[in-house]
Amino acid sequence: MTDFDFGVIWTSLPFLWEGLQLSLWLTFLAVIGGIVLGTLLTLARLSGILPLALIAAGYVNLIRSVPLILVIFWFYFLVPLVLGRPVGSFYSALIAFVLFEAAYYSEIMRAGIQSVAKGQKFAGQSTGLGYWQIQRHIILPQAFRNMIPILVTQGIILFQDTSLVFVVSLRDFMTTSSIVARTEGRLVEMYVFAALVYFVICFTGSVLVKRMRDRMAT
Amino acid sequence: MIDIENVSKWYGDFQVLKDCTSQVTQKEVVVVCGPSGSGKSTLIKCVNGLEPVQQGRIVVDGADITAKGTDLTALRARIGMVFQHFELYPHMTVRENLCLAQEKVLKRSRDEAVSRAELFLDRVGLSEHIDKHPGQLSGGQQQRVAIARSLVMDPIVMLFDEPTSALDPEMINEVLDVMVELAKEGMTMMVVTHEMGFAKKVADRVIFMDEGAIVEDRSTEDFFGNPESDRAKDFLSKILNH
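Keep in mind the model is a prediction, meaning the values are calculated, not measured.

Conventions used here
- Residues numbered from 1 in each chain as written.
- Chains lettered and ligands numbered in written order.
- Predicted model: local features only at pLDDT ≥ 70, side-chain atom pairs only at ≥ 80, totals over all residues.
- Heavy atoms only, no water.
- Helix = DSSP H or I, 4+ residues; strand = E, 2+ residues; numbered from the N terminus.
- Buried < 20%, exposed > 50% of the residue type's maximum accessible area, 1.4 Å probe, protein only.
- Expected span 1.5 Å × (residues − 1).
- Contact = heavy atoms within 4.5 Å.
- pLDDT = per-residue confidence, 0-100.
- Buried area = accessible area lost by both parts, 1.4 Å probe.
- Polar contact = N/O pair within 3.5 Å; in protein donor to acceptor, adjacent residues only side chain to side chain.
- Nonpolar A, V, L, I, M, F, W, Y, C, P; charged D, E, K, R; others polar.
- Pairing = 2+ DSSP bridges.
- Axes fitted to C-alpha atoms, helices over the stretch in contact; angles between N-to-C directions.
- Salt bridge = Lys/Arg side-chain N within 4 Å of Asp/Glu carboxyl O.
- Parallel < 35°, antiparallel > 145°, perpendicular 65-115°, else oblique.
- Left-handed = near helix turned anticlockwise from the far one by under 90°.
- Core = buried A, V, L, I, M, F, W, Y, C linked by side-chain atoms within 4.5 Å.
- 1 Å grid on protein atoms, 1.4 Å probe; cavity = no way out; pocket = protein on both sides within 12 Å on 5 of 7 lines; lining within 4 Å.
- Points joined across faces, edges and corners; volume = space filled by probe spheres on them.
- Phe/Tyr/Trp six-rings, centres within 6.5 Å; stacked < 30°, edge-to-face > 60°.

(A) Region of the structure containing unusual backbone geometry. All names here are of chain B. Backbone geometry places K27, a non-glycine residue, at a positive phi of 65 degrees. In this fold, K27 is placed in the loop between β2 (14-24) and β3 (29-33). For K27, a relative accessible area of 55% puts it in the exposed group. With a phi angle near 60 degrees, K107 is a residue other than glycine that sits in the positive phi range. Checked against the element boundaries, K107 lands in the loop between α3 (94-104) and α4 (110-123).

Here it is in structure tokens:
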């Protein structure tokens, strides 16, 4: 246990960097997709159109009741079956993340929309604006602004969760780290390094969120 | 212009409006007053369908607000409403606040909407604030912007729901002045307010509500000079004594 060799990190940096890029890219796309789909789910739930609301609510509750890793597996095997051709683990993972995160973003957005005073909706209605116009121009911009810190927090959690693509052999940062760890026989060094990288990124994100909250509070 | 016929409304088991009947004719200014919780704000929100009613009928300019299948959005576009808490859109400038519904509902061009916004901002004396956000304005200024936001839509009637209740005392008059002007120009108005001075000055009729029911509905002169019910007498003595 005496001879730690952290040099292995240095020599593997290009490979690890590719992994990290994939993790960040996957996170970014999944956050965007999750917010878009999550917002649509929320609007459906709050639309007052019963079948639409029930389907959306059912979807959110179903997704929130299954483990993420199962969803990732599921789409890894399911998407090629549905499309009739392989889509690669990146796209199947991305679809899984978007569909999974949408349920969580939908809950966040619902709270955000409900945080906008009811009077704002009344004001829009009283000038003759329709439901979708009110959402688009009045409610959602305010809801998003109120929700940005929580949306970013959810993004940080999502970034950590991307490490689960390990199970479909997608070469994200976690996977590349463990490939290096095993091939070079430097398990301790690599996993310490990986933990450090995740910590720095997520902690920076958290500090950012805290700053935003402070600024919004004033 | 506005016909309220036997309107009742419940929140769960609690009846907030009890068989209310009244009307507002064209160019008439009607003040609705009464103790808090008397249902006056609820009643005025029913007039443009913001709150649904369970019984009775409300007809505005020939269109039945309470009937199924009525195009509420088209009707509401012609009914101006001013709220207790202004309800300006905080993320938009004053200009955008005034243009949104003009462009999206009335399909006016940007130029046309802006020129109308400028016209009405000038009328409420706030031209120089067109590029500000609502948060940069005082309460009185915000409420005047809110009135202008309704007026740019060329409403056939204006509803005011306690327009001065959330204001500091020194700002109440600047808002009332705008409303008095409007009344003098012949705007049809239904105003929920505690400002009895305003009522005496411009109201043609006063509706007094208590516990969800319309207790008195009489000419302004009669109401202040000779209130019939004990509850109205009691209310007036409390509100006018100091």
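Following the structure, the description resumes.
(B) Layout of helix α3 (residues 68-83) of chain A. All names here are of chain A. Between the first and last C-alpha of α3 there are 22 Å, a value that for 16 residues agrees with the 22 Å anticipated at 1.5 Å per step. Turning to α3, its buried residues number three or more, namely L68, V71, I72, F75 and V79. Next to the buried residues of α3 lie α4 (88-115) and α6 (131-161). Residue G84 follows α3 closely and has a positive phi angle near 80 degrees.

(C) Looking closely at the confidence of the model for chain B. Mean pLDDT over chain B: 93, with 99% of residues reaching 70 or higher. Model confidence for the complex is summarised by a pTM of 0.80, with the ipTM given as 0.90.

(D) Representation of the interface of chain B and chain A within the structure. Contacts between the two partners involve 22 residues from chain B, matched on the other side by 17 residues from chain A. Together chain B and chain A conceal approximately 1700 Å² of surface at their shared face, both sides included; 62% is due to carbon and sulfur atoms. At the junction of chain B and chain A, the tally comes to five residue pairs in polar contact (both at pLDDT 80 or more). Among the secondary structure elements, those contributing two or more residues to the side of chain B that touches chain A are α2 (72-76), β6 (79-82) and α3 of chain B. Residue composition of the side of chain B that touches chain A, by class: 13 nonpolar, three polar and six charged.

(E) Looking closely at the sheet that holds strand β8 (residues 189-192) of chain B. Residues and elements named next belong to chain B. Strand order in the open sheet made by the six strands is β6-β7-β8-β3-β9-β10, with mixed pairing throughout. Taken across any chain shown, the strands that pair with only one partner, and hence form the sheet edges, are β6 and β10 (213-219). For this sheet the average axis-to-axis angle between neighbouring strands, irrespective of direction, equals 15 degrees. Alignment of β3 against β8, held across four bridges, turns out to be parallel.

(F) Inspection of the pattern of salt bridges at higher detail. All names here are of chain B. Summed over all chains, the structure comprises 23 salt bridges over all chains. Of the charged contacts, one joins K40 and E162 as a salt bridge, the two residues approaching to 3.7 Å between their closest N and O atoms. Here K40 is found in helix α1 (residues 40-47), whereas its partner E162 is found in the loop between β7 (157-161) and α6 (169-184), with 122 residues between them in sequence. Residue K40 is classed as buried on the basis of its relative accessible area of 3%. Judged by its relative accessible area of 12%, E162 falls in the buried class. Measuring nitrogen to oxygen at the nearest pair gives 2.9 Å for the salt bridge that ties R205 to D217. Of this pair, R205 sits in strand β9 (residues 205-210) while D217 sits in strand β10; the two residues are twelve residues apart in sequence, bridging distant segments of the chain. With a relative accessible area of 29%, D217 lands in the partly exposed category.

(G) Up close: the packing of α3(B) against helix α5 (residues 139-151) of chain B. Residue and element names in this part refer to chain B. At a closest axis distance of 8 Å, the pairing of α3 and α5 adopts a crossing angle of 25 degrees. Judged by the inter-axis angle, α3 sits roughly parallel to α5. In the crossing of α3 with α5, the sense of the turn from one axis to the other is right-handed. Two secondary-structure elements touch here, α3 through V94, N97 and L98 and α5 through V145, A148 and R149. Counted by class, the contact of α3 with α5 contains four nonpolar, one polar and one charged residues.

(H) Seen up close, the nonpolar core. One finds B:I147, B:M189 and B:M190 to be the most contacted residues of the largest nonpolar core, which totals 130 residues. Sorting elements by how many residues they give to this core places α4(A) first, with 13 residues. Filtering out sequence-adjacent residues up to four positions away, B:I147 remains in contact with B:V82, B:M158, B:F160, B:V175, B:V178, B:M179 and B:L182. Grouped together as the second largest cluster of nonpolar side chains are 16 residues, A:I9, A:F159, A:F173 and A:Y198 included.

(I) Main features of the sheet that holds β2(B). Residues and elements named next belong to chain B. Taken together, four strands build an open sheet; the order of strands is β2-β1-β4-β5 and the sheet is antiparallel. Two strands in the sheet have a free side with no partner beyond their single neighbour: β2 and β5 (63-64). Across the sheet, α1 is in contact with β1 (2-11), β2 and β4 (55-60); its angle to β1 comes to roughly 120 degrees.

(J) View of the side chain of B:K9. If you trace the backbone, B:K9 turns up in strand β1. Once you skip the residues sitting within four places of it in the chain, B:K9 turns out to touch B:F14, B:Q15, B:V16, B:L17, B:T42, B:C46, B:E51, B:P52 and B:Q54.

(K) Region of interest: empty space enclosed by the protein. Under the definition given, this model contains one cavity of 30 Å³ or more. There is about 40 Å³ of room inside the largest cavity. Contributing to the lining of the largest cavity are A:T127, A:L129, B:Y89, B:N97, B:L98, B:L100, B:A101, B:Q102, B:R149, B:V152 and B:M153. Considering only residue class, the lining of the largest cavity consists of seven nonpolar, three polar and one charged.

(L) Looking closely at the packing of aromatic side chains. Residues and elements named next belong to chain A. Evaluated as defined, the whole model comprises 14 aromatic pairs over all chains. Consider the rings of F73 and F77, whose centres lie 6.2 Å apart with planes at 15 degrees: the pair is stacked. Of this pair, F73 and F77 both sit in helix α3, four residues apart, roughly one helical turn. Since its relative accessible area comes to 52%, F77 is described here as exposed. With centroids separated by 5.6 Å and ring planes inclined at 65 degrees, the aromatic side chains of F173 and Y198 adopt a geometry described as edge-to-face. Here the residue F173 occupies a position in helix α7 (residues 173-184), and Y198 occupies one in helix α8 (residues 187-217), the gap between them amounting to 25 residues. Grouping residues by exposure puts F173 and Y198 together as buried. Three or more aromatic residues link up through ring pairs in this structure, and these residues are F159, F173, F193 and Y198.

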